[in-house]
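Read off the chains here:
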Amino acid sequence: MGSLSSLHSICSTGGCFVKYQDEVKNSMFKKHFVRASVATSAPGNSRIEEINALKSEKIRIGVLGASGYTGSEIIRLLANHPNYKIMLMTADRKAGQSVGLVFPHLVKQDLPDMVAVKDADFSSVDAVFCCLPHGTTQEIIKSLPSSLKIVDLSADFRLRDVGEYEEWYGQPHRAHELQKEAVYGLTEVSRPEIQSSRLVANPGCYPTSIQLPLIPLIKANLIQVENIIIDSKSGVSGAGRGAKEANLYTEIAEGIHSYGITKHRHVPEIEQGLSEAAKSKVTVSFTPHLMPMSRGMQSTIYVEMAPGTSHEDLYHHLRHFYEKEEFVVLLEKNQVPHTRHVRGSNYCLINVFPDRIPGRAIIISVIDNLVKGASGQALQNLNLMMGIPEHTGLLTVPLFP
C-alpha cells in the first residue's frame, strides 16, 4: 500500500498533487474539471520533487471478472492511464490464461495471467474494479481488506433498500453493513460523495443515460414527475458475454428485441435516483430493447413540462448545468444525438425537442453502454476517489465511422 498511502498523505497536506495535475491539464485542454480539484495552495519545490517521485509509483489495480466485456473495457482504458498499473486479474473460468488468449485485441499489454478469485493476493493492490455478475459480488467484496478502494460494476450495491434488492433480484442481500457505506456513483451528480467514499456502486447503463438528463430537470422543477415514458435501446454487449440462446446472432440480427417489459431490473435504480431528486416517489414507464449492434445506447424520454415551461427552458437549463463538464454535452439545437458519435468514448450526448403534443418535450440521450454506461464511468469514479483529475485516461475520441 506504499503508493496509495503516499498519495493520500500528499493530498491531505494541501491537496497539491491534485492541484499540480490540474494545472498541467488545464494548459492542454479547453474543458477541465474544476470541480475535481480540492487544492487551495500551490506546491513548493520540495513538494514538487515529492510529487514527481510519487508519480513513478503507480497505484496498483485489481480487476475482478476480467474476462467479461466490462472487464476488458477496464483493461483497455487503463492501458493509457498514467497513474494506474494492473497487478491482478481474476476470471475463474479463464484462470491460468493470459489476457492475449482471452482477448486478442489486448495481446500487446504487459499484464499478469488471470487467476481464480480464491487464489487472488489482494495485498498486491490498492484499488479494485469489481466486474463480477450480480449476486456474486456482495460476499467477495465483504471479504476484501478494508483498506482497498472499490468500484463495483454489478448491481449488488446500487439499491439502498436491501428489501427492494431482494424483490427485484430474487435473493437476499448478504452485506447489509456494506450497503450502508456504498455511494451511488453517478459521477456528474454525486461528485463530492464519491470523492470521500471507499465503496462506489457504479450505475447501470440504462440508468446513466436516463438520469443524466432527468435529474437536473426534476431538481429545477421544470418537468412533471408523472407520466415519464422512457424508450431505451442497447447494443447486445449490454446483455453480457455469457452464452445465451436469446443473444444468438439469428435471434438478434435483422430485428428489434423488446425485453424486461415492466420488470427490468434497472427500473428500481432509475426510480430511486429520480425520486431522490424529486423528494417524492417517482414511477416511470420504461421499456428496453436490444438492437442488432455490438455497443451503444439511446434513451428517448417523453416528459410533461411544468406549467409555463418550454422545451427551450429545459435545453438551456441542461446546457448550463453541464457547461463545465467534459463528458456530458448538450448538442446544438435541432442536432439529433446518435450512438455512432459516442462509440468507444465516455461521452453522453443529449438534446431536447418539442413534442407535437402541447406541453410535452422529447429528450434524447446517447452513450456507449460499455464506457460511460459501465467501465468508463467506473474509471472516472476511481480517479475521483484517488484524487486524480477525473478525465485522466478517458479522453479517447469516439471511433467513427
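Residues numbered from 1 in each chain as written. Predicted model: local features only at pLDDT ≥ 70, side-chain atom pairs only at ≥ 80, totals over all residues. Heavy atoms only, no water.

Q: Got a sec to walk through unusual backbone geometry? Specific residues and values, please.
A: Note that the residue after Phe400, namely Pro401, is joined by a cis bond; omega there is 0 degrees. Even without being a glycine, Lys279 presents a positive backbone phi close to 60 degrees. By the secondary structure assignment, Lys279 is in the loop between helix H12 (267-278) and strand S9 (285-291). Look at Lys279 and you get exposed, because its relative accessible area is 77%. Notably, Asn334 is not glycine yet its phi reads approximately 75 degrees, a positive angle. Relative to the elements of secondary structure, Asn334 occurs in the loop between strand S11 (328-330) and strand S12 (348-354). Judged by relative accessible area, Asn334 falls into the exposed class, the value being 65%. (Helix = DSSP H or I, 4+ residues; strand = E, 2+ residues; numbered from the N terminus. Buried < 20%, exposed > 50% of the residue type's maximum accessible area, 1.4 Å probe, protein only.)

Q: Outline the sheet that holds S9, listing residues and values.
A: If you walk across this open sheet you meet the 7 strands as S8-S9-S7-S10-S13-S12-S11, and the pairing is mixed. Each edge of the open sheet is held by one strand with a lone partner, namely strand S8 (257-258) and S11. Direction of pairing for strand S10 (residues 297-304) relative to strand S13 (residues 360-367): antiparallel, over a ladder of 8 bridges. Within the sheet, the bridge partner assigned to Val303 lies in S13 and is Ala361. (Pairing = 2+ DSSP bridges.)

Q: Talk me through the pattern of salt bridges; I want residue IDs and the actual numbers.
A: According to the stated counting rule, one finds 18 salt bridges in the structure shown. Residue Lys142 pairs with Glu139 through a salt bridge whose shortest N-O separation is 3.6 Å. Of this pair, Lys142 and Glu139 are both found in helix H6 (residues 137-143), 3 residues apart, which corresponds to roughly one turn of the helix. We classify Glu139 as partly exposed; its relative accessible area is 37%. (Salt bridge = Lys/Arg side-chain N within 4 Å of Asp/Glu carboxyl O.)

Q: So, the pairing of strand S2 (residues 84-90): which residues are in play, and what are the values?
A: The side chains of a regular strand alternate between both faces of the sheet. Most of S2 is tucked away: 5 of the 7 residues are buried. With 6 bridges joining them, strand S1 (residues 59-64) and S2 adopt parallel strand pairing. If you follow Val63 over to S2, its bridge partner there is Met89.

Q: An account of the environment of Ile86 is requested, with residue identities and associated values reported.
A: With respect to the helices and strands, Ile86 occurs in strand S2. Judged by its relative accessible area of 7%, Ile86 is buried. In this structure the C-alpha to C-alpha distance between Ile86 and Val128, which are 42 residues apart in sequence, comes to 9.5 Å. Setting aside chain neighbours within four positions, we find Ile86 in contact with Ile61, Val63, Ile75, Leu78, Leu111 and Pro112. (Contact = heavy atoms within 4.5 Å.)

Q: Go over helix H13 (residues 311-321) with me, naming the residues and quoting the values.
A: Helical geometry note: an α-helix holds 3.6 residues per turn, so side chains three or four residues apart project in the same direction. Buried residues of H13: Leu314, Tyr315 and Leu318, and no others. On an axial view of H13, the arc spanned by its buried residues comes to 100 degrees, and they lie on one face. The elements touched by buried residues of H13 are helix H10 (205-219), S10, S11, S12 and S13. (Arc of directions from axis to C-beta.)

Q: So what's going on with the packing of H10 against H12? Which residues, and what values?
A: Running from N to C, H10 and H12 point in directions that differ by 15 degrees, and their axes come no closer than 9 Å. Between H10 and H12, the interaxial angle falls into the category roughly parallel. The crossing of H10 and H12 is right-handed. Where H10 abuts H12, its residues Pro207, Ile210, Gln211, Leu214, Ile215, Ile218 and Lys219 lie against Glu269, Ile270, Gly273, Leu274, Ala277 and Ala278. Tallied by class, the residues present in the contact of H10 with H12 amount to 9 nonpolar, 2 polar and 2 charged. (Axes fitted to C-alpha atoms, helices over the stretch in contact; angles between N-to-C directions. Parallel < 35°, antiparallel > 145°, perpendicular 65-115°, else oblique. Left-handed = near helix turned anticlockwise from the far one by under 90°. Nonpolar A, V, L, I, M, F, W, Y, C, P; charged D, E, K, R; others polar.)

Q: Explain the packing of aromatic side chains to me, using residue names and the numbers behind them.
A: Considering all chains together, one arrives at 4 aromatic pairs under this definition. On the numbers, 5.4 Å between centres and 70 degrees between planes, the contact of Tyr206 with Phe286 is edge-to-face. Taken together, the positions of Tyr206 in helix H10 and Phe286 in strand S9 put the pair 80 residues apart, joining distant regions of the chain. The residues Tyr206 and Phe286 share a single accessibility class, namely buried. Note on Phe321 and Tyr322: the rings are 4.9 Å apart at their centroids and 85 degrees apart in plane angle, and the pair reads as edge-to-face. By relative accessible area, which is 2% here, Tyr322 ends up buried. (Phe/Tyr/Trp six-rings, centres within 6.5 Å; stacked < 30°, edge-to-face > 60°.)

So yeah, pure geometry; function would need other evidence.
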